[in-house]
Each structure stands twice: as C-alpha cells, then as structure tokens.
Amino acid sequence: MPTLMLVPTGIGCDIGGYAGDALPSARLLAAASGCLITHPNVMNGASLYWSDSRLHYVEGYGLDRFAVGEWALRPVRRQRIGLLLDAGIELDLAQRQIQVAEGCRASLGLDIGPVISTDAPLDVTLERGASGASWGRLGCPDALLRAGERLKQAGATAIAVVARFPEDPENEELAAYRQGSGVDVLAGAEAVISHLLVKHLQIPCAHAPALDPLPLDPQLDPRAAGEELGYTFLACVLVGLSRAPDLVIGDRQPGDLDSMQLGAIVVPEGALGGEAVLACMERNLPVVCVANLCLLSVNADALGLSQSVLHASSYSEAAGLVLALREGLSPASLGRPLPALQRLV
Amino acid sequence: MPLVELRSWIRHQLAAEGEVLRWALTAVGPTSDGGRTLHVEAVISA
C-alpha cells in the first residue's frame, strides 16, 4: 500500500529534525506499508544512510507535485548522478566531496558523473521565518540552474548538489542543534536549492552542504551525530539518489506510482499545513498524525479535523495503523470502547 | 472555507507574489469575530 511519510524540513521535529534520525521510523513504515515514499530530510544522515527497495527517495518539490497529482513516480534500477559543486567551495573542501563520490563509485558501485562547478559562487544565506522555521536565500540562482542544465545535457539523470554554506561554530543555534534542542538552520536553505533544481529540470535532485569540520562536542546529541562522522554530508545523498524514482510529467506507464494509489499519509501532528498534506486531505486519504513535537501547531484541531484523522502516539503506533489500513482493517476496531454505530435518521 | 478549497485558495493568493517554490501554513489563529487567521510562509523565486 503506497504510503507517504513527511517530516517537514527545518521545523525542529523531535524525530526527523536532525541527521536522518527519522530513518528507523521510515524503515518501520516501509515494512508496514510495503511501499513508502519519503523525502531526503527523512533519509539523509550525512555519513549514515539506508537503502531499501521499498523506500522511494523523492525531493520535496517533486513530492508535493506527486501528492497533488501532477507528477508520477517511476521506479528505476539506477540513476546516473551528476555532481554539482558550488564555485564558492574551497579547493580542499571540494576535493573532499569528489573523494566521497569516488568512494561511492568504488565501494558501493554507484553510477556517478560528470562533475561540474558553477560558473559563479551560489552565495547561500540562512534565514528564519516568523514561525522559527529555517529557510534561505541564493545570491546566484541562475548559476545553479545553468550548471544543472549542463549536467542533464551531459547525461545525468539525477543531480547531487553541494553548496558552500555560511558557518559560525560559536553560533548559539548551532550549539542547541548539536545538543538536541534546536532547529536545523541549514535545512530550509537546502530545500530552496533542491526545490529550485527539481522545478527547473524535473529530475531527482538532493543537496548536501559543504562545511568545515566542527570542533569536538562531548555533549553531542546522538540524533546529530551522523553529521560529525566525516568531512562531508554527501554519501547519503548519493545513495538516496542512486535509486530515486524518475519524476514523470507526461504519459504514465504500468508500474508508475500515482498519488491516486496512495493508501495513507503519515505526518507530525503539528505539521498538517503543507501542500502535500492538504492535497491528500482533499482526497479523504487516511491521515496518520504522529506525536512528534515541532515548532508548528497546525494540528487537526486547528483545521477542524480532530474526528477525521488517525492519531498515533509514536511511529511504532503509526506503523500499526498503516498495517491495519493495508490489511483492510478498520482502525476503530482495534481500540475499546468500540465507537457506537452511526444511525441515519 | 471548506478544507478541500484551502490549498488552491492559498496557492492563488501566493501566485500574485511570484513563482512559488515552497510554502506551508504555519499557524492558524482565532479572530475576534469567530473566524480564523492563517499564517503562511513561502519561498518565492524572483
């Protein structure tokens, strides 16, 4: 039963707001559903990743277009991943990225290449919205799109992009994030970069930031640890993209995944205001709202939907609900007291 | 407004600002007349 799992980027989710720390939940939901469509924020743990043929890695812009029914997903055996490097990355740091790509070719058998640098630095700046959610700005978006076009023309069927991000090791928000109590301030800008490329090129794309290694933090939260195991955040992106489904805008083929096939959507209970969730609600798709604290409070009560969504206190409970739906069981039959039969008069 | 119309209504409002790259309803608050105020954050490509 195709199921959509969302953990929106940059809103400080307790589970999934760090370095791929929603991956265990995604793996469980993939097992329960048999087919889980989710996005890089869920799957990317920098040096840590997991590959499972039941998990479909779809960047957020493509995921939204899929959810509203405009695009379909076509599973593939492999993608040829072009590597797009920001000209603003220092030579040594750029070489680290290329070595990760070489390592993924040699040790994981991924099809990677060609590599291109943008013709101007992308000039990424980080911002926070009124809600506290992170986002960002690109000083030179045209350079990103030009490099992406060249990669696609050269045969890349997916693109991993690495942009130089501003950094301040003394930043209080970064310290809070590393200790497990803050928002990922990079995540919103990362989404802007990958959304822009996917919108323009309609092929799978995902982003990894280029940053210098941070000084050792003995209080490092385990959820952020994946980002401190190596010199780059790129390995997970290459693995994720290596079998990301094609984004289909034209005619559908047998085997394509279409939003009409979705059986459920699983989302943090305070994050019901995204485009994909609202699109699924329009079609009366079962919405499993999981207790997963975040900055936002756009919950079922706020939308006047408290009776029509399924509530789960954890991702393990959500997996049980997804399995029940997959088996055709009424979730209401699994609790007591059993709600009274409705009588029409 | 019925929920089924909310997404297209928000997209329509945002379209006036430019090409929408990313958006979300980030808060829903009450108004004094019993209505609701919607807070939307969006990234628009210039």
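About the cut-offs
- Residues numbered from 1 in each chain as written.
- Chains lettered and ligands numbered in written order.
- Predicted model: local features only at pLDDT ≥ 70, side-chain atom pairs only at ≥ 80, totals over all residues.
- Pairing = 2+ DSSP bridges.
- Helix = DSSP H or I, 4+ residues; strand = E, 2+ residues; numbered from the N terminus.
- Axes fitted to C-alpha atoms, helices over the stretch in contact; angles between N-to-C directions.
- Contact = placed C-beta atoms within 7 Å.
- Core = buried A, V, L, I, M, F, W, Y, C linked by C-beta atoms within 7 Å.
- Buried ≥ 20, exposed ≤ 12 C-beta atoms within 10 Å, placed from the backbone.
- Expected span 1.5 Å × (residues − 1).
- Arc of directions from axis to C-beta.

Enquirer: For the sheet that holds strand β5 (residues 80-85) of chain A, give the residues involved together with the corresponding values.
Expert: All names here are of chain A. In spatial order, the strands read β6-β5-β9-β10; together these 4 strands make up an open sheet with parallel pairing. Looking at which strands have only one partner, the edges of the open sheet turn out to be β6 (111-117) and β10 (205-210). On average, each strand axis in the sheet is inclined to that of its neighbour by 20°, with strand direction left out of account. Judged from the 5 bridges that link them, β5 and β6 form a sheet pairing that is parallel. From the neighbouring strand, R80 faces β6, where its bridge partner is D111. Helix α7 (residues 187-201) rests against β9 (158-164) and β10 of the sheet, and its axis sits at about 145° to β10.

Enquirer: Quick one: what's the story with the sheet that holds strand β12 (residues 264-268) of chain A, residue by residue and with numbers?
Expert: All names here are of chain A. One open sheet accounts for 6 strands, arranged β3-β2-β1-β12-β13-β14; its pairing is parallel. The two strands at the open ends of the sheet, each matched to only one other strand, are β3 (55-57) and β14 (310-312). Across this sheet, the average inter-strand angle for adjacent strands is 25°, counted without regard to direction. With 3 bridges joining them, strand β2 (residues 36-38) and β3 adopt parallel strand pairing. What sits directly across from I37, in β3, is H56. Here helix α1 (residues 23-33) sits on the sheet and contacts β1 (3-5), β2, β3 and β12; the angle it forms with β2, its principal contact strand, is near 145°. Each of β1, β12, β13 (287-290) and β14 touches helix α10 (residues 315-326); the most contacted strand, β13, lies at about 170° to it.

Enquirer: Which residues make up the nonpolar core, and what values do they have?
Expert: Formed by 127 residues in total, the largest nonpolar core has its most connected members in L29(A), I159(A), A160(A), L238(A), I265(A) and V288(A). Setting aside residues up to four positions removed in sequence, A160(A) forms contacts with I81(A), L83(A), L84(A), A206(A), A208(A), L234(A), V237(A), L238(A) and L241(A).

Enquirer: Lay out helix α4 (residues 91-108) of chain A in plain terms, naming residues and giving numbers.
Expert: Residues and elements named next belong to chain A. Taking 1.5 Å per residue as the helical rise, α4 with its 18 residues ought to reach 26 Å, and the 25 Å between its terminal C-alpha atoms agrees with that figure. Residues of α4 that are buried: Q97, V100, A101 and C104. End-on view of α4: buried residues confined to an arc of 95°, all on one side of the axis. Facing away from the buried side of α4 by over 90 degrees, the exposed positions are L91, D92, Q95, E102, A106 and S107. Each element contacted by the buried residues of α4 is listed here: β5, β6, β9, β10 and α8 (234-242). Remark: G109 follows α4 within two positions and exhibits a positive phi of approximately 75°.

So yeah, pure geometry; function would need other evidence.
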